[in-house]
Each structure stands twice: as structure tokens, then as C-alpha cells.
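# An overview of the molecular structure
So you can see what is in the structure, the chains are spelled out below.
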Amino acid sequence: MLGHENRTLRPFARYQGLLCAGIGCPGLVAASLSMAGCDKFFDLLRVSLRQVVRQRRRYAGVILAISLGTCGFILVLTVGQDVKHNLNRDLDLLGGSTRMRVNLEGDYTNRGLIPQPRWFREPTLDALRRIPGVRSISAVALKGSMAVATLKAGEQYFRLLGVDGAFWEVNSFIATSGGFFGEDEVHRRERVCVLGRQLAQQIFGTQDIAGRLLPIDGELYVIAGVLGGTGIAERADYAFIPLTTAQDRIRGLSLVDCVYVRCQTWDDVGPVAAAISKVMDTFQPSDRVRVDVAWEQLKRVQRIAWWMQTFIYLSIVATLVLGGMGIWNGMMAAVQARTREIGLKKAIGAEDRDILIQFLGEAWFLSFGSALLGIILGRGAVQLVSHILNSPPSEDLFVLSVALSIVLSMILGVGAGFTPSTIASRMEVVSALRYE
Amino acid sequence: MNDTGAARSPDEALVRVAGLTKEYRTGEAFVPVLRGVDLSVFHGEMVAIMGASGSGKSTLLFILGLFLAPTAGTYTVLGEDVLKLDRTTQAKIRRRFVGFVFQSCNLIENSTVYENLELPLIYADVKRRDRHAMIEDALARVNLSHRMHHPSNLLSGGEQQRVAVARALVNSPRLILADEPTGQLDRKHGQIVMDYFRHFVADRTTAMIIVTHDPEVASYCSKVYRLDDGAIVS
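## Re the overall build of chain B
Broken down by element type, chain B carries seven helices and ten strands. Relative to its 234 residues, chain B shows a buried fraction of 60%. Taking the contacts inside chain B whose residues are at least 6 apart along the sequence as the reference set, 73% of them involve residues at least 24 apart. When the accessible area of chain B is evaluated, it comes to approximately 8,900 Å², of which 48% is carbon and sulfur surface.

Have a look at this one:
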């Protein structure tokens, strides 16, 4: 019995001899045998590409799924950090989870119960600014006693804080009317002030007071604006003047013993808090420092962000997996629909591996082409989101994401197309030719 | 045994089968399809195999084309036992030695005439620069040069069959196997196709085996074998 299974493998040389010596087509055979298989491989890929292009409508859904997955992948990788910063800022308005307050504690050791004043030196502040993960810091000084505004209606007492130009940004404050003073006004030691909205309401009965004058401790100050926004509850009845002006003109003002630190993201809070202690040990080793962090709020924000991030990544993975399943399903359907074609190709001389290369090539081109489309869409999306966030995209990250997308698409195409291609390549010629 | 090539020694045969038997398994039973077929085909011969449906004609053709393995018997090409070759080597023989023409659905969909003819050349590792001339030559033989870049599915039935013939001839096979090659054609186009075959085989380096019901097709052949219930009866 001479079934396929019983045949012994014959050396190729013998087959070659059979062809060259007997069958009598030496030119063709010699030419064919002298060829490396390179041309053939690329020609088979060309045939695969042609099939994908000509049957693109059949694969439209798959192409769309993989393109969108790739686009999302590129978007998340390229502008994810910018989005995180913005999300961080927006979520922070609800709780200030990335802001921490650093206080110097008075020295009670040798003076009984009367603490000796302590303050942040300028080199210490510079070192705090340079801590990795710190976005900005703000130094403040509080007047120990109440400040007074003498008005026609009588005297109005309130808390007064000397702040620098970064104070507003560090605390995520916004002006409900007018504006804030900045570093320039602080540098020029100008007599300007900002009032908390509750204090403005108490004194003027309105918050629309920008440009008006207010006498504070006997000197007139121009009102720059009114402080609003979330998280100002404890500051709503405060008045704020430039730190330098306060140091020059306000009696009873404390030294700068309090600094607010704003971190880049919530992931930086822990390391920054630890680094602050080290900086203080280095620059002011004899001073005790207390770092107040809203750990509970931070945990909640991080949990929200984690869920969001997980959701986004799962969406991308799901899209890519669906795309992969689409390729698998599409290729299985194609193999079934083209069974006679496979039989015909084998009948005219295709080897198993030729069919494998062709179908695997189709799957790969499908995936790779979809990824290319996704890259174009991704670039557009990155530009759009960057425009919205007002932050230029990182070109390095974009290139990295493109490279990863291409690698992923190759893996996806080959992985999803392997089984259908193998099935196609192993088809028996007769049953394929007789397939209806 | 119905080898009518008695004038020549069987050892000179291009193709020779002896004692060829094929059984299909149906459940527990084995159904014999071919029963000890002996056959020799020489260069320059056109051989017809006729018989009723189910007589085993197509099975014999598939075995000759190395698509099917027989249950028993020998099959030699120029004295070499090709049944002992592995699957890959058989595919190589198929693409360089054998040309096939089927009754219908012969062409690859979504492809032009040129692309259909190029495929066997790609599989045979023929250099790209040589292909165009070979395709041109094959199409010229069937008077379809003007259709070279035409989508194959837009051709008429007769033209499609002629393209299939051209594809079978494109890599100059030594053996052409045809299964009802004119079955889908009208009389006129059938005659045209058979004339191509006769002309092609006339150079005496090629042989052709045609499976057919049609006595008119068989009349083109130098030998006619009749199969009945898996055995050659005349």
C-alpha cells in the first residue's frame, strides 16, 4: 500500500536529476533551481497585498477596529502625561491633593514655652524648587494680629497674608473679579491687594471691586481682584498683599515660616514629601519641619485616576483584541470562501508554504495597513488634543508609540492569521477542488 | 491491461501506471474506485479516458496529477516512481511537469488574465524578467494577447477556458491533464480549445490525458481508454 503516510522522503538531488535529465525542460528548470527563493517570497507577498487591496470592503470593519485601537494607543502614549497633568490640576481643584504645606515649628527646647522664630532661608527655598516632581512653591507670611481697614462705616478687622506671585497657582485659586498680582508687583513692592470673596462682600457689599482703594493698617492699597474658586473656604475672609510689601510696611508680620508646595502629579507627592525632609536636613538641620499632605484625598484621587486609566487601557486592548479576532474571523471566512482557489493554486504547483505565506501575508498586510491608518489618525488626534491642552506633543513619545504600534500590528497580524493560514496550507487538493 | 502503445516499449513511456488501485473508506467499508488500472502514455500522444459518471475517471486523473495517493500500484514518470516522493517534491513536479485544465471555475477571482498566468510561474520560481515573454507566448497560442490585462471575471466563458488552457501551457509542461476541458463550452469554442491542445501536443515533447464524456473530444485523441467500474475495459 502506497499511501502518503508510507512514502519515504527522497533526496532533492534525485528529483533534480529527474527533471533535468528526463523531462526535458532544462532552461526553465535550471533557471528555476538557480533562483534563490527571494523573488518568489516577495511575489507571493505582492499577491497577498493585491488581494487585501481588492477585497478591502470585506475587511472594512477589521481595518476600522485596528485603526481606532492604534490611534487610541498612540494618543494615550503621546499625550497621556499632558492629560494626566491637566486631569491632576482639575481634580486638584476638588481637594488639593498634590499640594502640601510645609511649616517650620518653633523651638521650644531652651526657652520654656516661648518658641523662637524660625524661617525658610532663600537657599532652602531654591533647593525646594529644584526637587524633582515639584511644579512650584509659594512662600507666605501671616500677620500675627488682625489687620484693620478704617472705613466711613467703621473699622473692619481681618486676617492679612503676605504672599508671593506663585501663591495663586500653587493653591489653584482663581479670581472671581479682577485679577491677582504677580511676581512683578511683588518685585516692585507695590501696594496692591486681593480680598477673599467673603471679606469683599463684608466691606463693599459686592465683589466687583477691582481698582478700588482699601486702607489697610493706615495705608491705601489698590484692590487687584477678589479671590474665588474651590478650596478657599479658610481664606475667604483674608486679605492678601505682596510678601515684600508686607515685610516693608506691616507690623507684626511673621517671618516666612510656611511654604506651599505643588507637585507635578499625584505620583510625585510621596517622593516630594520625603525629599523635603532631606532638603531641610541639608540646608537647615537645626530646624524642625512639619509637612502636611492630604493623604486621604490623594488616595481617592489616585483611585479615580487608576480606574480611568485602567478603563482607557482596557478599551484599547479590547479594540485591538477585537481587531485581532476580526482578522482571525475574516481570514477563516476567506479561507472557506476561497477553498476552490486554494485547491486550484495547489493544482498549479503551490506548495503548502506558498499558501501559508500568501494567507499569512494577507493577514499581516491587513493588520499593518490598519496600523498605518491608525498612525495617521493618531497623529491627527495627538495634534487636536495637544491644541486643546495647549501643550506641544512629545515627538519622542510619538515616534516610540508609532514604533510600538507597528510591532504590535505585526504580532497581531501574524498571530491572528496563523491558524487560518495553516488550515489553508494543509488543505488536500482534491477536497478543495471539489468544495462547493 | 489496455496499453495500446505496443509499438513502443513501456520503458519509453512518459507516464506509466501499473496495477493502480484506489479505495475510499466509507464508515467501516472500503469502496473500490479503481481496480488495477494499467496505462502508458508516450510523448506526443493525446489520450482520452471515457466512462460513465462514477467510473473512476476523475480519481485516475487526480492520481496522475499527484493530488491523490493510490491504495496500491505504481506510477512512474520516465521510469522514476513518483509516488515515493514527499509532498513538497510532488508539488515541485506538479508545477514544472504537469499542466491542468478543469471543467469550470478555472481562474483565480479578483485577478487579471496576466496575474492568473503569472501564478504558476511564481510558484516555479521563474525570474520576473522572463515571465512576461512566457505569458505573452502562452496567450498568443490561444489568441488572447489582447486580453492580457483584462479582469478574468469579465471574460466570456469561452475566453475564460482559453485563459485556463494558456495557464496550463505557460510553463511548458510535459504532461497536460484535462478534466472535461470543453464541458462548459459550446461546440465551436470546444473545437477551438481542442485544436490548441492538438497543436501543442504535436511537437512530440508533450503528452495529454483528457477525461471526457464527449465522443467528439475523444475523436481528437490517438488513444481512447474506457473505464467501467474502476477498470479499463477497452
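## A word on empty space enclosed by the protein
Across all of its chains, the model carries four cavities of 30 Å³ or more by this definition. Taken as a whole, the largest cavity holds about 60 Å³ of empty space. Every residue lining the largest cavity is listed: A:Ile348, B:Arg94, B:Arg95, B:Val98, B:Gly99, B:Phe100, B:Pro120, B:Arg167, B:Ala168 and B:Asn171. Contributing elements (two or more residues each) for the lining of the largest cavity: α2 (87-97), β6 (98-101) and α5 (157-169) of chain B. Ranked by the residues each element gives to the lining of the largest cavity, the list is headed by β6(B), at three residues. Its residues placed into classes, the lining of the largest cavity shows five nonpolar, two polar and three charged.

## Some words on the nonpolar core
Counting 69 residues, the largest nonpolar core has B:Leu60, B:Leu64, B:Phe67, B:Tyr75 and B:Ile209 as its most contacted members. When residues in this core are grouped by element, the largest group, six residues, is from helix α13 (residues 352-389) of chain A. For B:Ile209, the contacting residues outside a window of four places in its chain are B:Val41, B:Val47, B:Ile49, B:Leu61, B:Leu64, B:Leu175, B:Ile176, B:Leu177 and B:Ala178. Listed in part, the 50 residues of the second largest apolar core include A:Ala149, A:Phe204, A:Cys263 and A:Val269.

## A word on the packing of helix α3 (residues 113-123) of chain B against α5(B)
Residues and elements named next belong to chain B. Two elements in contact, α3 and α5, have axes separated by 8 Å at closest approach and are oriented at 30°. The angle between α3 and α5 places the two elements in the roughly parallel class. Considering only the axes of α3 and α5, their crossing is right-handed. Contact with α3, carried on its side by Val-113, Asn-116, Leu-117 and Pro-120, involves Val-163, Ala-166 and Arg-167 of α5 and no other residues of that element. Split by residue class, the contact of α3 with α5 holds five nonpolar, one polar and one charged.

## So, the pairing of strand β10 (residues 258-263) of chain A
Residues in a regular strand project their side chains so that they alternate between the two faces of the sheet. Most of β10(A) is tucked away, with six of its six residues classed as buried. Alternating positions in β10(A) separate into two faces, A:Cys258, A:Tyr260 and A:Arg262 on one and A:Val259, A:Val261 and A:Cys263 on the other, with burial throughout.

## Quick look at the pairing of β6(B)
All names here are of chain B. Side chains Val-98 and Phe-100 project from β6 onto one buried face, and the interleaved Gly-99 and Val-101 project onto a second face that is buried too. Pairing between β6 and strand β7 (residues 175-179): four bridges, direction parallel. Following the sheet pairing, Gly-99 is matched in β7 by Ile-176.

## Digging into the sheet that holds strand β3 (residues 46-51) of chain B
All names here are of chain B. Taken in spatial order, the six strands of this open sheet run β6-β7-β8-β3-β9-β10, and their pairing is mixed. Lying at the two open borders of the sheet, with one neighbouring strand each, are β6 and β10 (231-232). On the sheet, α2 packs against β6 and β7 and is oriented at approximately 75° with respect to β6. Against the sheet, helix α6 (residues 187-201) touches β3, β6, β7 and β8 (207-212), its axis set at about 135° to β3.

## Observations regarding α3(B)
For α3(B), the buried fraction is high: eleven of the eleven residues fall into the buried class. Regarding α3(B), the residues found buried are B:Val113, B:Tyr114, B:Glu115, B:Asn116, B:Leu117, B:Glu118, B:Leu119, B:Pro120, B:Leu121, B:Ile122 and B:Tyr123. Packed against the buried residues of α3(B) are α3 (38-54), α12 (339-347) and α13 of chain A together with α2, α4 (128-141) and α5 of chain B. Where α3(B) terminates, the next one or two residues include B:Asp125, which has phi positive at roughly 60°.

## Comments concerning the sheet that holds strand β4 (residues 72-77) of chain B
Backbone hydrogen bonds are what pair the strands of a sheet, in a parallel or an antiparallel way. All names here are of chain B. Within the open sheet, the four strands sit side by side as β2-β1-β4-β5. Their pairing is antiparallel. Every interior strand has two partners, whereas the edge strands, β2 (29-41) and β5 (80-81), have only one. Judged from the nine bridges that link them, strand β1 (residues 15-26) and β2 form a sheet pairing that is antiparallel. Within β2, the position partnered with Glu-23 by the bridge is Pro-32.

Here is what the cut-offs are and how they apply
- Residues numbered from 1 in each chain as written.
- Chains lettered and ligands numbered in written order.
- Predicted model: local features only at pLDDT ≥ 70, side-chain atom pairs only at ≥ 80, totals over all residues.
- Heavy atoms only, no water.
- Helix = DSSP H or I, 4+ residues; strand = E, 2+ residues; numbered from the N terminus.
- Buried < 20%, exposed > 50% of the residue type's maximum accessible area, 1.4 Å probe, protein only.
- Contact = heavy atoms within 4.5 Å.
- Areas by Shrake-Rupley, 256 points an atom, 1.4 Å probe, with all protein chains shown as cover.
- 1 Å grid on protein atoms, 1.4 Å probe; cavity = no way out; pocket = protein on both sides within 12 Å on 5 of 7 lines; lining within 4 Å.
- Points joined across faces, edges and corners; volume = space filled by probe spheres on them.
- Nonpolar A, V, L, I, M, F, W, Y, C, P; charged D, E, K, R; others polar.
- Core = buried A, V, L, I, M, F, W, Y, C linked by side-chain atoms within 4.5 Å.
- Axes fitted to C-alpha atoms, helices over the stretch in contact; angles between N-to-C directions.
- Parallel < 35°, antiparallel > 145°, perpendicular 65-115°, else oblique.
- Left-handed = near helix turned anticlockwise from the far one by under 90°.
- Pairing = 2+ DSSP bridges.

That's the geometry; what it means functionally is another story.
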